[in-house]
Amino acid sequence: MVKLFEAGAYLVDGKLVPEQEAANTAKEEAAKGTMAYGILKKHNTAEDMEGLKIKFDKLTSHDITFVGIIQTARASGLKEFPIPYVLTNCHNSLCAVGGTINEDDHMFGLSCAKKYGGIYVPPHQAVIHQYAREALAECGAMILGSDSHTRYGALGTMAIGEGGGELAKQLLGKTYDVKRPGVVAVYLDGEPVKGVGPQDVALALIGATFANGYVKNKVMEFVGPGVAKLSTDYRIGIDVMTTETTCLSSIWQTDEETRRWYDTHYRPDAYKELKPADGAYYDGAIYVDLSKIKPMIAMPFHPSNVYTIEELNANLDDILHDVEEKGRKQLTGNVDFKLTDKVRNGKLYVDQGIIAGCAGGGYENICEAADILRGHSIGSDVFTLSVYPASTPIMMQLAKNGMVADLLSTGAIVKTAFCGPCFGAGDTPANNAFSIRHSTRNFPNREGSKIQNGQISSVALMDARSIAATAVNKGYLTPATDLDYELTGPTYFFDRNIYDNRVYNGWGNPRPETEIQFGPNIKDWPEMIPLTKDLLLKVASVITDPVTTTDELIPSGETSSFRSNPIGLAEFTLSRKDPEYVGRAKAVQVQERAREAGECLCKISDELKGIVQTVKEKFPEIDGSALGFGSTIYAIKPGDGSAREQAASCQKVLGGWANIAKEYATKRYRSNLINWGMLPFVLDEDYKFDVDDYVFVPDILEAVKEKKSEIKAYVVNKGMKELSLTLGDLTDDEREIIEKGCLINYYKA
């Protein structure tokens, strides 16, 4: 089904050749033959191709990220948007939640689009990525988005999802700095069988690559004869989920099918043929036999926790018990997580189905789901089904061709374009319920429950086709390949008047006289001080899970309403993982503010006074005025998941000065730390931290400036335990950002 090559490979005459079997070829030269290399070279402003300095063609954000980005850029001197910047409103769309503050964010966005020359997509018109596909993507272009699922490779666009700081840099004319990524070929062969959809292919890929880091921070390049067997919608459905492999970006070979897609969307000039050179070298390769892919399910609580539905149904007791045990560890015992009680008469029954968003809400996914459901009913019991088309143009065509009527007649509900089911807002199931969703993630709380309040529901990821098949059977988990149904395949017609009539397009026409509209919840970033000579960090949280998601660092869902209020949002930091963290961090912050106000060390707390005294026994020269107090967290592998910069900025707002980790799950989380002036420490050795340990880092400012590869630190408790920390590769700009205290300070300087 999916095979990973042990080493690199060449693409010769359209076939993969393992590098150990290839004729002598210069790898470096052959690597220039990939599509990814050509696109990166075109957008690189550096003198060589090793340390890239990328300038993107376009930017895109949604309404839980664009306020913070624009506020950062405004504080750093923004005058107008230098490239097209699209502000979509698909996350904070439930305006009843949080009073006026969600709609206030929308009005802020519209006024900024007018002032700075941006593009504003009103709520419920389109989810961020569908609008980008329909209106922004171009073959050979690069797009940067402040959402982790910024992936438009199926349309020939290299797109990257990053934290808001990276978009602020682009708005200020700066570059996206990254080492040239490796490129991995994804060689598609064969053709999917009826009932197997793009989510099935994607989950098979994620299951094969996530845990082993095979494509981490690399570009996935889709090639092979199987590409031509897939519609553009199908390719998009696979492509958007590549984020869950932890790759950096993706790109697909383009063809006449791609051309037709651009023609349908009235943008023929956006098409050009992309294909790798014959003999192109790849740093790795993945062979996928599409004909062998079966309907898949990703069980809670990660998209990589994959099984075939057939395998799950055949081994219910064993698999469900295993999922329960792993889940209870991840949920830290706050709730009684159970799935085995969903088995009735040897069959697994689910409570809810959702087909939604940038992954599930595509035209073909919904049409085929409607084909499967036609003539059936979802029943009048517990099971419910909601369908969210990814854009109003898709909704319009589904209404015109009768698919909306077909779905509604089954008992399903069809809703407007909204990302809520992907991040835990809207359609929250009942306590202990089990939801199957064609969406992007199934982390804890992504379905909207609140573990800290004793609530638990959970999500499994599936393809729209098998969700529809399960709905036909009133919630009994069913792969779509088990049903016989007629495919109607109605043609898609894109109605561009919908956007022409409603989307504000101010690109190239800034109106600087426009007053920005602020609501009461929209706050400026608090002042952040430069890095001090020495640091004393209190370990405010210790997380020993193998991977920590950004949802655990700063929860999604109901917190979204506070995304424009840095201080208000910070109160939710780690609230579902370690509810005591905020209090611990604030206690240290009080001491740091006293230091900043010039108060002498004699006024610090008794606990901290004892720690400082222990430090002075070994470092008597320590100057209290140059000794910064802050908090840190220790996590084994933090930062999987969302690109939201708030996972880092909330720690900073609470006085955080560093993370200590064995490794970072994604580049984007590490970049978020750096852009908020936080030190991304890596600890290679094993050390069992305790909450309330202190870590003293002498001469950290010098270490950053002098690019020291190894930094001595000391755990201060009852004595001083020496540790060796590293910061990894940092560009000169990144070092200066950390020195200045954050990206805003860097630009002010």
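These figures come from a predicted structure and were not determined experimentally.

K.L.:
Summarise the overall build of the protein chain; cite the residues concerned and give the values.
P.N.:
In terms of regular secondary structure, the protein chain is built from 27 helices and 34 strands. Each principal axis of the C-alpha distribution contributes one length, and for the protein chain these read about 80 × 60 × 60 Å. Taking all 749 residues of the protein chain together, the buried fraction comes to 64%. Accessible surface, the protein chain as shown: approximately 26400 Å² in total, 48% of it carbon and sulfur. A distance of 2 Å separates the average location of the 81 positive side-chain charges in the protein chain from that of its 100 negative side-chain charges.

K.L.:
Please set out the sheet that holds strand 3 (residues 15-18) residue by residue, giving values where relevant.
P.N.:
Ordered in space as 3-2-14, the three strands form an open sheet in which the pairing is antiparallel. Two strands close off the open sheet at either side, each with one partner strand: strand 3 and strand 14 (280-282). Neighbouring strand axes in the sheet, compared pairwise and without regard to direction, differ in orientation by 30° on average. Judged from the three bridges that link them, strand 2 (residues 9-12) and strand 14 form a sheet pairing that is antiparallel. Along strand 14, the bridge assignment pairs Y10 with Y281.

K.L.:
Account for the side chain of T72, with residues named and values stated.
P.N.:
Within the secondary structure layout, T72 lies in helix 3 (residues 66-75). Once residues lying within four places of it in the same chain are set aside, the contact partners of T72 are A168, W525, W676, L743 and I744.

K.L.:
Describe the sheet that holds strand 25 (residues 504-505), naming the residues involved and giving the relevant values.
P.N.:
On the basis of which strands lie adjacent, the open sheet formed by six strands has the order 9-8-5-6-7-25 and mixed pairing. The strands lining the two open edges of the sheet, one partner per strand, are strand 9 (158-161) and strand 25. Helix 4 (residues 101-116) contacts strand 6 (85-88), strand 7 (119-121) and strand 25 of the sheet and is inclined by roughly 155° relative to strand 7.

K.L.:
I'd like a rundown of the nonpolar core, residues and numbers included.
P.N.:
Y85 and M299 are the most contacted members of the largest nonpolar core, which totals 177 residues. When residues in this core are grouped by element, the largest group, seven residues, is from helix 13 (residues 363-373). Excluding residues within four positions of it along the chain, M299 makes contact with N305, Y307, L312, L320, V323, L339, F434, N442, V459 and A460.

K.L.:
So, helix 9 (residues 256-264): which residues are in play, and what are the values?
P.N.:
Within the sequence span of helix 9, burial applies to E257, T258, W261 and Y262. What you see down the axis of helix 9 is that its buried residues fit within an arc of 140°, all on one side. Where helix 9 is buried, its residues contact helix 5 (128-135) and helix 8 (232-239). If you check the start of helix 9, you find a side-chain oxygen 3.1 Å away from the backbone N of E257, and it comes from D255. A positive backbone phi angle near 60° is found at Y266, which sits one or two residues after helix 9.

Thresholds applied
Residues numbered from 1 in each chain as written. Predicted model: local features only at pLDDT ≥ 70, side-chain atom pairs only at ≥ 80, totals over all residues. Heavy atoms only, no water. Helix = DSSP H or I, 4+ residues; strand = E, 2+ residues; numbered from the N terminus. Buried < 20%, exposed > 50% of the residue type's maximum accessible area, 1.4 Å probe, protein only. Areas by Shrake-Rupley, 256 points an atom, 1.4 Å probe, with all protein chains shown as cover. Lys, Arg positive; Asp, Glu negative; His and termini not counted. Charge placed at Lys NZ, Arg CZ, Asp CG, Glu CD. Pairing = 2+ DSSP bridges. Axes fitted to C-alpha atoms, helices over the stretch in contact; angles between N-to-C directions. Contact = heavy atoms within 4.5 Å. Core = buried A, V, L, I, M, F, W, Y, C linked by side-chain atoms within 4.5 Å. Arc of directions from axis to C-beta. Polar contact = N/O pair within 3.5 Å; in protein donor to acceptor, adjacent residues only side chain to side chain.

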